[in-house]
Amino acid sequence: EDPLAAKFEALKSFGMEHGHVHVAHDDGDLVEFVKQLRFYNEEGKLSEARLDFLHVLGFCYDAHRAAHLRAHIEQECARASTRATSAMHTSAHSHLTSDNPPKVAAPSGLDSVANQS
């Protein structure tokens, strides 16, 4: 059995959860694994199968570029979340426009007073 299989699977799971595999310094055990992958790549020690797997995941071998990509992705996700929240709020209250003001029923007994004027 491949001793690194579990780590490759963890990296894949990270990618599925976060939408990318650009691991940060505070992402636990994956940090060391990613450092190893970058070193093994520089040394030419990764098999074609592993290189293909990492390519499919979108793995970045340049740590600085990976950090930049991660920041960009997180920023875009935050923007999308803000837009989605705003759209949901607007949609939920779209019935409250100046063309369609809310209808508020008068308290009981006031209808007759209003009609007497």
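The rules behind each value
In every chain, residue numbers begin from 1 and rise along the written sequence. Two thresholds apply to this predicted model, a pLDDT of at least 70 for residue-level local features and 80 or more for giving and counting side-chain atom pairs, whereas whole-chain, interface and lining totals are computed over all residues. Side-chain metrics in this entry use all non-hydrogen atoms of the structure; hydrogen atoms and water are not considered. Counting from the N terminus, the helices are the DSSP runs of H or I reaching at least four residues and the strands are the DSSP runs of E reaching at least two. With a 1 Å grid spanning the protein atoms alone, the term cavity applies to any set of points in which a 1.4 Å probe fits but cannot get out, the term pocket to an open set with protein on both sides within 12 Å along at least five of seven lines, and the term lining residue to any residue with an atom within 4 Å of a point. Grid points are joined across faces, edges and corners, and a volume is the space filled by probe spheres set on the points. Side-chain classes are defined by residue name, with Ala, Val, Leu, Ile, Met, Phe, Trp, Tyr, Cys and Pro counting as nonpolar, Asp, Glu, Lys and Arg as charged, and the others, Gly among them, as polar. To pair, rings of Phe, Tyr and Trp, with the six-membered ring standing in for Trp, must have centres within 6.5 Å; the planes then decide the type, stacked if under 30 degrees apart, edge-to-face if over 60, and tilted in the middle. Each residue gets one of three labels from its accessible area relative to the maximum for its type: buried under 20%, exposed over 50%, partly exposed in between, using a 1.4 Å probe on protein chains only. Here, residues are in contact when the closest pair of their heavy atoms is within 4.5 Å. In this analysis, axes come from line fits to C-alpha atoms, helices being fitted only over the stretch in contact, and the angle between any two N-to-C directions falls in the range 0 to 180 degrees. Angle categories: roughly parallel below 35 degrees, roughly antiparallel above 145, roughly perpendicular from 65 to 115, and oblique for all the rest. Definitions for this section: a left-handed crossing has its near helix turned counterclockwise from the far helix by less than a right angle. A right-handed crossing has that turn clockwise.

A.B. asks: Even after reading the chapter, I still don't get the environment of alanine 67, so can you show me in this structure?
C.D. replies: Residue placement: alanine 67 occurs in helix α4 (residues 63–92). For the pair formed by alanine 67 and histidine 25, sequence separation is 42 residues and the distance between their alpha carbons is 9.4 Å.

A.B. asks: Looking at this structure, I do not really get the layout of surface pockets. What am I missing?
C.D. replies: Rolled over the atoms, a probe as big as a water molecule pinpoints where empty space is left. When its volume is computed, the largest pocket comes out at roughly 190 Å³. Lining the largest pocket, in full, are Val23, Ala24, His25, Val31, Val34, Lys35, Arg38, Ala63, Ala66 and Ala67. Secondary structure elements with two or more residues in the lining of the largest pocket: α2 (29–42) and α4. For the lining of the largest pocket, the leading source of residues is α2, giving four residues. Tallied by class, the residues present in the lining of the largest pocket amount to seven nonpolar, one polar and two charged.

A.B. asks: Explanation requested: the packing of aromatic side chains in the structure shown.
C.D. replies: Aromatic ring pairs are described here by two measures, namely the spacing of the ring centres and the angle between the planes. Applying the stated criterion to the full structure yields four aromatic pairs. In this structure an aromatic cluster arises from ring pairing among Phe8, Phe33 and Phe53.

A.B. asks: Explain the side chain of histidine 22 here, please?
C.D. replies: Mapped onto the fold, histidine 22 is located in the loop between α1 (5–18) and α2. On the basis of relative accessible area, histidine 22 is assigned to the buried category, the value being 6%. Not counting residues within four places of it along the chain, the set of residues in contact with histidine 22 comprises Phe14, Gly58, Cys60, Ala66, Leu69, Arg70 and Ile73.

A.B. asks: Explain the packing of α1 against helix α3 (residues 48–57) to me, please; I cannot follow it from the model alone.
C.D. replies: Between two packed helices, the angle of one axis relative to the other and the distance separating the axes together describe the packing. Running from N to C, α1 and α3 point in directions that differ by 15°, and their axes come no closer than 10 Å. With respect to each other, α1 and α3 are oriented roughly parallel. The crossing of α1 and α3 is left-handed. Taken together, the residues of α3 that come into contact with α1 (itself represented by Phe8, Leu11 and Lys12) are Arg50, Phe53, Leu54 and Leu57. Considering only residue class, the contact of α1 with α3 consists of five nonpolar, no polar and two charged.

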